[in-house]
Amino acid sequence: MCHITDQEIQSDGQVLSTALNNVAKLLPASEATVATDLQTAASKLLQVTSTWTTGSVVADFNDAASVAEAALGAVPQTAAVAPLIPIAVSALDLLIANVGHQLTVAVVDGVT
């Protein structure tokens, strides 16, 4: 069985957080609220994943992921950055899957 390491989740969280912040910077001033929401999501994801270890509180991660999903969903389809949103959503989905997989493997391996 494939094992997702703590470092992989930490790294993925860092990359996704950076991507969300970069998308926020590219939004026009008229989308300031969406930009702020993306920055908040980036901060929450980074906070949860930067110290991730097997057995970390998954509910905290799920809350941060939900904030990110909502922020990404609020980016207007007419925005210049709109083509980047599916990539960010895919990255978030991968991170969610990796956290879930790590939890499943930990239970099977008797870590939790």
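Residues numbered from 1 in each chain as written. Predicted model: local features only at pLDDT ≥ 70, side-chain atom pairs only at ≥ 80, totals over all residues. Heavy atoms only, no water.

### A few points about the packing of helix α2 (residues 32-49) against helix α3 (residues 58-73)
Heads up, the rule is: Orientation is described by axes fitted as lines to C-alpha atoms, over the contacting stretch for helices, and by angles from 0 to 180 degrees between their N-to-C directions. In this text, helices come from DSSP runs of H or I with a minimum length of four residues, and strands from runs of E with a minimum of two, each type numbered from the N-terminal end. Angular relationships are summarised with four words: roughly parallel below 35 degrees, roughly antiparallel beyond 145, roughly perpendicular across 65 to 115, and oblique for the angles in between. Definitions for this section: a left-handed crossing has its near helix turned counterclockwise from the far helix by less than a right angle. A right-handed crossing has that turn clockwise. Residue contacts are counted whenever heavy atoms from the two residues lie within 4.5 Å of one another. Any residue that is not Ala, Val, Leu, Ile, Met, Phe, Trp, Tyr, Cys, Pro, Asp, Glu, Lys or Arg is counted as polar, Gly included; the first ten are nonpolar and the last four charged.
Axis separation between α2 and α3 bottoms out at 8 Å; the angle between their running directions is 160 degrees. On the basis of the axis angle, α2 is roughly antiparallel to α3. Considering only the axes of α2 and α3, their crossing is left-handed. Note on element contacts: α3 touches α2 through Asp 60, Phe 61, Ala 64, Ala 65, Val 67, Ala 68, Ala 71 and Leu 72, opposite Val 34, Asp 37, Leu 38, Ala 41, Lys 44, Leu 45, Val 48 and Thr 49. Residue composition of the contact of α2 with α3, grouped by class: 12 nonpolar, 1 polar and 3 charged.

### Some details on the packing of aromatic side chains
The condition is simple: Each aromatic pair joins two rings of Phe, Tyr and Trp (for Trp, the six-membered one) with centres within 6.5 Å, and gets the label stacked for planes under 30 degrees apart, edge-to-face for over 60, and tilted for any other angle. Remark: exposure states derive from per-residue accessible area (1.4 Å probe, protein chains only) relative to the maximum for the residue type, with buried under 20%, exposed over 50%, and partly exposed in between.
All chains considered together, the criterion is met by 1 aromatic pair. Seen from their ring centres, Trp 52 and Phe 61 are 6.1 Å apart, and the 70 degrees between their planes marks the pair as edge-to-face. Judged by relative accessible area, which is 2%, Trp 52 ranks as buried. The exposure class assigned to Phe 61 is buried, which follows from its relative accessible area of 0%.

### Concerning the packing of helix α1 (residues 6-26) against α2
It is the contact of α1 with α2, at a shortest axis distance of 8 Å, that shows an interaxial angle of 170 degrees. Here α1 is positioned roughly antiparallel relative to α2, judged by the angle of their axes. For α1 against α2, the interelement crossing comes out left-handed. Seen from α1, the contacting residues are Ile 9, Gln 10, Gly 13, Gln 14, Leu 16, Ser 17, Leu 20, Asn 21, Val 23 and Ala 24; seen from α2, they are Ala 35, Leu 38, Gln 39, Ala 41, Ala 42, Ser 43, Leu 45, Leu 46 and Thr 49. Each residue belonging to the contact of α1 with α2 can be placed in one class, and the counts come to 11 nonpolar, 8 polar and no charged.

### Quick look at the side chain of Ser 17
Inspection of the secondary structure assignment puts Ser 17 in helix α1. The exposure class assigned to Ser 17 is buried, which follows from its relative accessible area of 3%. With near-sequence residues (within four places) excluded, Ser 17 lies in contact with Ala 42, Ser 43 and Leu 46.

### Here we look at α1
Spelled out, the test is: Working rule for helices: expected span equals 1.5 Å times residues minus one. Note that the arc is defined by the directions from the helix axis to the C-beta atoms.
With 21 residues, α1 should cover 30 Å at 1.5 Å per step; its first-to-last C-alpha distance of 31 Å lies within 8% of that length. Taken residue by residue, α1 has Asp 6, Ile 9, Gly 13, Leu 16, Ser 17, Leu 20, Val 23 and Ala 24 as its buried positions. The buried residues of α1 occupy one face: seen down the axis, they fall within an arc of 125 degrees. Of the residues in α1, the exposed ones pointing more than 90 degrees away from the buried face are Gln 7, Val 15, Lys 25 and Leu 26.

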